[in-house]
Amino acid sequence: MGKIIAIANQKGGVGKTTTAINLGSSLAFAEAKVLLVDMDPQGNASSGIGFETKGEYASVYDVLIGNADIEEAIVPSKVDNLDLLPSHINLTAAEVELVTALSRETRLKKHLEKIKDKYKVILIDCPPSLGLLTVNALTAADSVLIPLQCEYYAMEGLGQLLNTIRLIRESLNEDLALEGILLTMYDPRNNLSKEVMTQIEEFFSESMFRTIVPRNVRLSEAPSFGMSIIEYDIKSKGAASYIDLAKEILPRL
Ligand SMILES: Nc1ncnc2c1ncn2[C@@H]1O[C@H](COP(=O)(O)OP(=O)(O)OP(=O)(O)O)[C@@H](O)[C@H]1O
Ligand SMILES: [Mg+2]
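In the annotation of an unreviewed UniProt entry, the chain is listed under the name ParA family protein and assigned to Geovibrio thiophilus.

Here it is, written out as structure tokens:
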């Protein structure tokens, strides 16, 4: 049965989408059947894996509001073993439209339950907020992976995220686990990057992934070609780091 991992941090630009795409592709490369769920109205995970987000198609929005079956909305990606539940810009409206809806926090969970058995792992790319979309992701998830950028304010807002996780455990999803903290955009030549890493390691010790994702320009180039790093440059340091992360996570699936 597929393990559902939400990739969340309300802080913008910390590497959530890069991790969702490239961890997903690395796991798929290792022949695990993967579903990538794009819960961000920006649709970066969808476009980054090569899905055309213009035009009409059934998206996670239609699934959440009950306009489409989840099976209808899921599409295969170019990567073997990797399927996508695409986002659409109108997902912004879901945040508002669902406010008064019944079981608004458990909608994604209910739909994912129908198809969970088809996958080894389901990765949910969350938007940079702690609103209803992220709450849906955390309610559906077995665990949460938190990317932290190696920069001065990395830990800022983390208290709020951990508090949200605690509240979700108390009310909607008591078994929600912390999959791990992932350091991203690490630059070994930068003393600040090293300092921040040491600080975060002191704070989180056991919850850290051994893998640290370096700052790597190939990782930032790949999405503009609609490719994961595995397709774009498998020999890059960025690819190696996400393959390592996949190796850490595979035994836990
Ligand atoms: N390890 C890395 N090395 C270099 N660039 C990176 C790395 N990880 C992410 N980036 C780049 O940093 C930017 C932010 O990354 P990404 O989109 O993955 O963050 P995010 O947390 O999903 O952002 P948002 O909160 O807007 O959804 C992107 O331009 C991405 O290409
Ligand atoms: Mg993103």
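Tell me about the pairing of strand E8 (residues 208–214), residues and numbers included.
The buried fraction of E8 is high, at 5 of 7 residues. Of the pairings in the sheet, the one linking strand E7 (residues 177–186) to E8 comprises 3 bridges and is parallel in character. Among the inter-strand pairings, Ile181 is bridged to a residue of E8, identified as Met208. One crossover worth recording links E7 to the parallel E8 by way of helix H9 (residues 191–204), and it is right-handed.

Give me the pattern of salt bridges: which residues, what numbers.
Opposite charge on two side chains makes pairing possible when the charged atoms of those side chains draw close. Under the counting rule described, the total for this entry stands at 12 salt bridges. Notably, a salt bridge pairs Glu151 with Lys11, separated by 2.7 Å at the nearest N-O pair. Here the residue Glu151 occupies a position in the loop between strand E6 (143–149) and helix H8 (158–171), and Lys11 occupies one in the loop between strand E1 (3–7) and helix H1 (16–29), the gap between them amounting to 140 residues. A relative accessible area of 25% places Glu151 in the partly exposed class. Between Asp233 and Arg218 there is a salt bridge, and its shortest N-O distance comes to 2.8 Å. Taken as a pair, Asp233 in the loop between helix H11 (229–232) and helix H12 (237–249) and Arg218 in helix H10 (residues 217–221) lie far apart in primary sequence, 15 residues in all. Taking relative accessible area as the criterion, Arg218 reaches 28% and is therefore assigned partly exposed.

Thresholds applied
Residues numbered from 1 in each chain as written. Chains lettered and ligands numbered in written order. Predicted model: local features only at pLDDT ≥ 70, side-chain atom pairs only at ≥ 80, totals over all residues. Heavy atoms only, no water. Buried < 20%, exposed > 50% of the residue type's maximum accessible area, 1.4 Å probe, protein only. Helix = DSSP H or I, 4+ residues; strand = E, 2+ residues; numbered from the N terminus. Pairing = 2+ DSSP bridges. Right-handed = clockwise from strand over helix to strand, strands pointing away. Salt bridge = Lys/Arg side-chain N within 4 Å of Asp/Glu carboxyl O.

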